[in-house]
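Residue-level structure breakdown
The lines below spell out each chain.
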Amino acid sequence: MRVALVVFLAIHFNFPCERGDDITLYRRSESALQKYSIFSLARNALSRHENWREAWRSPEPKPAYDVVIVGGGGHGLATAYYLAKEHKITNVAVVEKGWLGGGNTGRNTTIVRSNYLWDESAGLYEHSLKLWEGLSQKLNFNVMFSQRGVLNLAHNLHDLRELSRRVNANRLNGIDSEILDTEGVKEFCPLIDTSETLRYPVLGASLQRRGGVARHDAVAWGYARAADALGVDIIQNCEVTGILRDGDVVQGLETSRGTIKTNKVGVVVAGHCSVLANMAGFRLPIESHPLQALVSEPVKPVLHCVVMSNAVHAYISQSDKGELVIGAGIDSYVSYSQSGGFDVVEDTLRAVVELFPMFSRMRMLRQWGGIVDICPDASPIIGKTPVQGLYFNCGWGTGGFKATPGSGNVFAHTIAHDEPHPLNAPFALDRFTTGALVDEHGAAAVAH
């Protein structure tokens, strides 16, 4: 009982801990348990948090900063953290028009993987996955990264050939990936219906065992707290209303909380990057679409991996709270709506029930939508723009959450040195004029 209580406190209250099993967590958290007794926790709970220390400061904007990051989601906060941590640039502000993690960071299905086809994508996403594997320790904040494995199902001969090609490409890039036959899929995920009479029978799958899920809000909070501790100002409820320029050089930002001067601006606003680009006087080759997700009522743990299917347009995992987290494909129309159409939900649930008949009697708890920016090649834009000192990180489609640590890491390098990191150099804006596209429509699975 005591071990269980210590582990609970380590996970849910983010006491310092190392990776490892319950005994390791117990040993690292024993002193924390003595300090934070159950009576202390009860007392603080009854105080309605009045005496709790804030996880990060809420300062007023300064007149000027060395760098301003626009967007307080995972990517923006990660960028600010790595600017301070790795490049020693601490006079940084993160401005967010709402609350931290209130955009796409809080509106996704939290899947993490790196099994992309092309070398350029594989390098960037694998870099991110390696950062995920040590992120809780680096931030001293439990982001609840669970490497439970990601299955991509094959329903016909073409799917099998395509997945085999991707698995071979992954292996050449040193990324763990393997092909499973039908029996192997059933063994790894016994809940899947693999009968031959299905409309889309399961002929096999690719498997990345290091893939999994993480806790989206914990990622935002962990990066926010760590960046704040390094001196970064995190300013919420601060909407950017204009970008100040002197010719082709950025001079600062007009915001709802006043003018902020700076020579470097990094824009990381998933869903609204085209709006910010328009403020700066140029256009981006991007479309914005609603993307829906939904969760079921909570049940005991039954699904121990992530399952994705392109043919039937659905992907599913189970959260730490027991909810089935279900993702769909994008709505076909261009919109900034965060609701989406009911027909997509209906088609997605029909597909999930076909794969998992035992879920047919479960009730859906809630549904939501996010806004995804999609480039013509289904790959992101990370780099410089026609305006000197203005950098954009956008166009992630449905792949943004999994890239959070790697995206912030290479974007910080790009801003600090005014030159791209080797991993994000292929994702520059000028690829749409040179024709050097990175076509990842297939690896993005159901999204495009």
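Each remark here, short or long, concerns the structure printed above.
Procedures and definitions
Sequence positions are assigned chain by chain, starting from 1 and proceeding in written order. Whole-chain, interface and lining totals are the exception, using all residues; otherwise, since this is a predicted model, local features are given only for residues with pLDDT of at least 70 and side-chain atom pairs are given and counted only at 80 or more. The side-chain values count all of the structure's non-hydrogen atoms but skip hydrogen atoms and water molecules. Helix and strand assignments come from DSSP, with helices taken as H or I runs of at least 4 residues and strands as E runs of at least 2, each series counted from the N terminus. Only protein chains enter the accessibility calculation, which uses a 1.4 Å probe. A residue is then buried if its area is under 20% of the maximum for its type, exposed if over 50%, and partly exposed in between. Here a residue-residue contact requires only that any non-hydrogen atoms of the pair lie within 4.5 Å. Accessible areas in this description were obtained via Shrake-Rupley with a 1.4 Å probe; residue shielding takes into account the shown protein chains only. Pairing between strands is defined by DSSP: at least two bridges between the two strands are required. What counts as an axis is a line fitted to C-alpha atoms, over the stretch in contact for a helix, and the angles between N-to-C directions run from 0 to 180 degrees. For classification purposes, an angle smaller than 35 degrees is called roughly parallel, one larger than 145 roughly antiparallel, one from 65 to 115 roughly perpendicular, and anything else oblique. Residues were grouped as follows: Ala, Val, Leu, Ile, Met, Phe, Trp, Tyr, Cys and Pro as nonpolar; Asp, Glu, Lys and Arg as charged; and all remaining residues, including Gly, as polar. What is meant by a nonpolar core is a set of buried Ala, Val, Leu, Ile, Met, Phe, Trp, Tyr and Cys residues, joined one to another through side-chain atoms within 4.5 Å. Polar contact is the term for a pair of N or O atoms within 3.5 Å; when the atoms are in protein, one must be able to donate a hydrogen and the other to accept it, and sequence-neighboring residues count only if both atoms are side-chain atoms. The handedness criterion is simple: a crossing whose near helix is rotated anticlockwise from the far helix by less than a right angle is left-handed, and one whose near helix is rotated clockwise is right-handed. The arc in question is the one traced by the directions running from the helix axis out to the C-beta atoms. Whenever a carboxyl oxygen of Asp or Glu lies within 4 Å of a side-chain nitrogen of Lys or Arg, that contact is scored as a salt bridge.

A look at the overall build of the protein chain
The helix and strand inventory of the protein chain stands at 13 helices and 19 strands. By residue count, 54% of the 448 residues in the protein chain fall in the buried class. Pairs at least 24 residues apart make up 75% of the contacts formed inside the protein chain by residues separated by at least 6 positions. Accessible surface, the protein chain as shown: approximately 20,000 Å² in total, 53% of it carbon and sulfur.

Section: the sheet that holds strand S9 (residues 240-246)
Across the sheet, which stays open at both edges, the 3 strands sit in the order S9-S10-S11 with antiparallel pairing between neighbours. For this open sheet the edge positions go to S9 and strand S11 (258-261), each flanked by a neighbour on one side alone. Taken over all neighbouring pairs, the strand axes of this sheet differ in orientation by 25° on average, direction set aside.

A word on unusual backbone geometry
Despite not being glycine, Lys88 has its phi angle at roughly 60°, a positive value. Tracing the chain through its elements places Lys88 in the loop between helix H4 (74-87) and strand S2 (92-95). A relative accessible area of 64% places Lys88 in the exposed class. Positioned with a positive phi, Asn140 is a non-glycine residue whose angle comes to about 55°.

Focus: the packing of helix H5 (residues 119-133) against helix H12 (residues 404-417)
Remark: H5 packs on H12, axes separated minimally by 7 Å, with the N-to-C direction vectors making an angle of 110°. Classified by the interaxial angle, the pair formed by H5 and H12 is roughly perpendicular. For the pair formed by H5 and H12, the contact residues are Leu124, His127, Ser128, Leu131 and Trp132 on the first element and Thr404, Pro405, Gly406, Asn409 and Val410 on the second. Grouping the amino acids of the contact of H5 with H12 by side-chain chemistry returns 5 nonpolar, 5 polar and no charged.

Observations regarding the nonpolar core
Grouped together as the largest cluster of nonpolar side chains are 47 residues, with contacts concentrated most on Ile69, Leu77, Leu83, Val92, Trp132, Tyr223 and Val232. Those residues in contact with Leu77 that sit more than four places away from it in its chain are Gly71, Gly72, Val94, Leu100, Ala220, Tyr223, Ala224 and Ile234. One finds Val240, Val250, Val387 and Leu429 within the second-largest nonpolar core, a separate group that totals 29 residues.

Here's the deal with the pairing of strand S13 (residues 287-296)
In the case of a regular strand, side chains alternate between the two sheet surfaces. Here S13 lies mainly inside the structure; 9 of its 10 residues are buried. Relative to strand S17 (residues 364-374), S13 runs antiparallel, the two being bridged by 10 bridges. By the bridge assignment for S17, Leu291 is matched with Gly370. Two strands pair when backbone bridges link them, and S13 and strand S16 (residues 324-330) are joined in this way by 4 bridges, in the antiparallel orientation. Bridging across to S16, Ala293 finds its partner in Gly327.

Quick notes on the side chain of Thr182
Summarising the element assignment, Thr182 is placed in helix H8 (residues 182-188). At 3.3 Å, the side chain of Thr182 forms a polar contact with the backbone oxygen of Leu203. Those residues in contact with Thr182 that sit more than four places away from it in its chain are Thr194, Val202, Leu203 and Gly204.

Here's the deal with the sheet that holds S13
The strand order S5-S6-S4-S14-S15-S16-S13-S17 describes an open sheet built from 8 strands, whose pairing is mixed. At either end of the open sheet lies a strand with only one pairing partner, and these are strand S5 (178-181) and S17. When the angles between neighbouring strand axes are averaged without regard to direction, this sheet yields 20°.

Description of the environment of Glu354
For Glu354, the position within the fold is in helix H11 (residues 342-355). For the pair Glu354 and Asp193, spaced 161 residues apart in sequence, the C-alpha to C-alpha distance is 7.6 Å. Those residues in contact with Glu354 that lie beyond four places of it in its chain are Asp193, Leu198, Arg199 and Tyr200. In this structure the side chain of Glu354 is engaged in a polar contact, spanning 3.1 Å, whose partner is the side chain of Arg199.

Points about the packing of H4 against H12
H12 packs onto H4 with a crossing angle of 55° between their chain directions and a minimal axis gap of 7 Å. In terms of their interaxial angle, H4 and H12 are classed as oblique. The handedness of the crossing between H4 and H12 comes out as right-handed. From H4, Gly74, His75, Ala78, Thr79, Tyr82, Leu83, Glu86 and His87 reach across to H12, where they touch Thr404, Pro405, Ser407, Gly408, Asn409, Phe411, Ala412, His413, Ile415, Ala416 and His417. Classifying every residue of the contact of H4 with H12 by side-chain character gives 8 nonpolar, 10 polar and 1 charged.

Description of helix H10 (residues 273-280)
Where H10 is concerned, the buried positions are Cys273, Leu276, Ala277 and Ala280. Seen from one end, H10 has its buried residues packed into an arc of 100°, which puts them on one side. In this structure, the buried residues of H10 make contact with S9, strand S12 (265-267), S17 and strand S19 (390-394). Positive backbone phi, at 95°, marks Gly281, one or two positions downstream of H10.

A closer look at the pattern of salt bridges
It is possible for side chains of opposite charge to pair when their charged atoms get near one another. A full pass over the atoms with the stated rule returns 18 salt bridges. Note that Asp233 is salt-bridged to Arg57, the shortest N-O span being 3.2 Å. Highlighted residues: Asp233 in strand S8 (residues 233-235) and Arg57 in the loop between helix H3 (38-46) and strand S1 (67-70), separated in sequence by 176 residues. Given the relative accessible area of 35%, Arg57 is considered partly exposed. Across the pair Arg210 and Glu133 runs a salt bridge, and its minimum N-O distance is 3.0 Å. Linking Arg210 in the loop between strand S6 (204-208) and strand S7 (212-213) with Glu133 in helix H5, this pair joins segments that are 77 residues apart in sequence.

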